[in-house]
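Residue strings, one per chain:
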Amino acid sequence: MPCEDGWESRWVISDWKKDVGAAGEWIHTAGRWNGDPNDKGIQTYPDSKFFAISARFPEFSNKDNTLVIQFSVKHEQDLDCGGGYIKLLSGDVDQSKFGGDVPYSIMFGPDICGYNTKKVHVILNYKDKNHAIEKDIKCETDQLTHVYTLIIKPDNTYSVLIDNEEKQSGSLYKDWKMLPPKKIKDPNAKKPDDWDDKEYIDDPEDTKPEGYDDIPSEIPDSSAEKPEDWDDEEDGEWKAPLIPNPEYLGPWKPKKIKNPDYKGKWKAPMINNPDFEDDPELYVFTGLKYVGFELWQVKAGSLFDNVLVCDDPEYAKKFADETWGKNKEAEKNAFDESKKSKNDEQEIDGDDDAEDEDDLDEPEDDIDDTHDEL
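As a starting point, this report considers the structure included with it. (Residues numbered from 1 in each chain as written. Predicted model: local features only at pLDDT ≥ 70, side-chain atom pairs only at ≥ 80, totals over all residues. Heavy atoms only, no water.)

Across the sheet, which stays open at both edges, the seven strands sit in the order E2-E3-E21-E5-E11-E12-E13 with antiparallel pairing between neighbours. Each edge of the open sheet carries a strand with a single partner, namely strand E2 (25-29) and strand E13 (165-171). Averaged over all neighbouring strand pairs, the angle between strand axes comes to 25°, with direction disregarded. Bridge count between strand E5 (residues 67-75) and strand E11 (residues 145-152): eight bridges; the pairing is antiparallel. From the neighbouring strand, Ile69 faces E11, where its bridge partner is Leu150. (Pairing = 2+ DSSP bridges. Helix = DSSP H or I, 4+ residues; strand = E, 2+ residues; numbered from the N terminus. Axes fitted to C-alpha atoms, helices over the stretch in contact; angles between N-to-C directions.)

Moving on, we get to a negative patch on the surface. A cluster of acidic side chains, namely Glu225, Glu228, Asp229, Glu233, Glu234 and Asp235, defines a negative patch on the protein surface. Its location among the elements puts Asp235 in helix H2 (residues 232-235). A residue is classified by how much of its surface remains accessible, and Asp235, at 40% relative accessible area, is partly exposed. (Patch = residues over 30% accessible without salt bridge, like charges linked within 9 Å, V, L, I, M, F, W, Y side chains within 5 Å. Areas by Shrake-Rupley, 256 points an atom, 1.4 Å probe, with all protein chains shown as cover. Salt bridge = Lys/Arg side-chain N within 4 Å of Asp/Glu carboxyl O. Lys, Arg positive; Asp, Glu negative; His and termini not counted. Charge placed at Lys NZ, Arg CZ, Asp CG, Glu CD. Buried < 20%, exposed > 50% of the residue type's maximum accessible area, 1.4 Å probe, protein only.)

With an omega of -5°, the peptide bond between Tyr45 and Pro46 qualifies as cis. Within the secondary structure, Pro46 sits in the loop between strand E3 (41-45) and strand E4 (49-60). In this structure, Asp64 is a non-glycine residue whose phi angle is positive, near 70°. Topologically, Asp64 is positioned in the loop between E4 and E5. Exposure remark for Asp64: the relative accessible area of 56% places this residue in the exposed category. In this model, Asp128 sits at a positive phi of 65°, which is unusual for a non-glycine residue.

Bringing empty space enclosed by the protein into the picture now. Over the atoms a probe the size of a water molecule is rolled, and this reveals where empty space is left. In the structure shown here, the tally under the stated rule is four cavities of 30 Å³ or more. Taken as a whole, the largest cavity spans an internal volume of roughly 190 Å³. Around the largest cavity, the lining comprises 18 residues; the ones closest to its centre are Asp39, Thr145, Asp305, Asn327 and Glu331. Of all the secondary-structure elements, those providing two or more residues to the lining of the largest cavity are E5, strand E21 (302-310) and helix H3 (313-373). Counting residues per element, the lining of the largest cavity draws most heavily on H3, which supplies five residues. (1 Å grid on protein atoms, 1.4 Å probe; cavity = no way out; pocket = protein on both sides within 12 Å on 5 of 7 lines; lining within 4 Å. Points joined across faces, edges and corners; volume = space filled by probe spheres on them.)

Within the largest apolar cluster, 57 residues are counted, with the highest numbers of intra-cluster contacts made by Ile106, Phe108, Val122 and Phe293. Those residues within four positions of Phe108 in sequence are excluded, and the remaining contacts are Ile69, Phe71, Tyr85, Ile86, Val120, His121, Val122, Tyr148, Thr149, Leu150 and Val160. Judged by nonpolar contacts, the second largest core, of seven residues, contains Ile151, Cys310, Ala316 and Phe319. (Core = buried A, V, L, I, M, F, W, Y, C linked by side-chain atoms within 4.5 Å. Contact = heavy atoms within 4.5 Å.)

Inspection of every chain in the model, using the stated rule, returns one disulfide. Across the disulfide, Cys81 is cross-linked to Cys113 (sulfur-sulfur distance 2.2 Å). The sign of the S-S torsion, about -75°, decides the handedness of the disulfide formed by Cys81 and Cys113: left-handed. You can see Cys81 sitting in strand E6 (residues 81-83) and its partner Cys113 sitting in strand E8 (residues 106-113), a full 32 residues away along the chain. (Disulfide = S-S within 2.5 Å.)

We now examine the packing of aromatic side chains. Under the definition given, this model contains 15 aromatic pairs. Three or more aromatic residues joined by ring pairs make a cluster, and in this case those are Trp11, Trp26, Phe51, Phe71, Phe108, Tyr148, Phe293 and Phe304. Across from the ring centre of Phe50, 4.6 Å away, lies the NZ or CZ of Lys17, which sits over that ring. (Phe/Tyr/Trp six-rings, centres within 6.5 Å; stacked < 30°, edge-to-face > 60°. Lys NZ or Arg CZ within 6 Å of the ring centre and 35° of its normal.)

Moving on, we come to the pattern of salt bridges. As enumerated under the stated definition, the model contains 18 salt bridges in all. Between Glu294 and Lys87 there is a salt bridge whose closest N-O contact spans 2.5 Å. One end of the pair, Glu294, is in strand E20 (residues 288-297); the other, Lys87, is in strand E7 (residues 86-90), with 207 residues separating them in the sequence. When its relative accessible area of 9% is taken as the criterion, Glu294 is described as buried. On the accessibility criterion, Lys87 (2% relative accessible area) is buried. The shortest N-O distance in the salt bridge between Asp197 and Lys191 comes to 3.1 Å. The partly exposed category is assigned to Lys191, whose relative accessible area is 39%. Salt bridges sharing common partners tie together Arg32, Lys74, Glu76 and Glu331.

Function cannot be inferred from these measures alone, as they are strictly geometric.
Written out as structure tokens, the structure is:
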């Protein structure tokens, strides 16, 4: 679903947050730097707004089939806090009211906020509850276009790709907590009374050395001298200040030895979880009908394009190569040139400022010369 001319006929901009003046706009553009000025997407504008837009496609279920979700995003604004993720929705949705409170089936894509949050969300809805992936997937944070791909297979495995390179993969069973655990600790189990979980014990044969307790913790400082102005009658008998005794070793404790009766740390035995019920169709999403972007951005400027929902990972890879891949080098060159031009402008501005300061100095010389002539 490339966002080409005529995109308004496929995408519906939501009225969400318009009533409070917090709804942003969507601009059809190729961006400030690009690999092809005719390859346009839809971009968020202006700053500090909510953005919501969706498109409908023929309803389907991915039962017995692979599900692929793919799109590209370019954070031209050097995003510091905001989302860049896509949502797949099921059932009937009033697209004019699509917003953050509308239930979704899948949420996938990058999210950036400050130094701590720079990750790829993969949130799956199971039995009306959203479950986030347990693994950490780093997202791209530069100002170039990147392609995000989520693949969910009928064997309940998944893959996350960025720019056609796999960044994470695994099992829907293990990497989400959609199902309760198969095994749990026996809640009725108790540690036996004779269970010895002390790994080390005092050595019964170790004895305290004779005279150990006679060693004081502090002793008089032998290097101290009585002050010359000390008066025994007025100040009392002078005594050297006390200092820590280097021979004092603290309260005596017997040394520790391995406990011959140690059985290890006691753990409750694992039993089958009576609440566990396997579901081989974790991967299935029924009634899929809409795709949308619902975002909050402090700095707007994210540009989305080439949205794809299909059942063929190879086709998705080829599609990414033919769109993003075809233009990525030219876009990178355009970006570098844009940054170079901006730096050159800043240098010129700096030179102009210096010249302005010189010009301000010149009239003072003229005044002095005139005064001399007078």
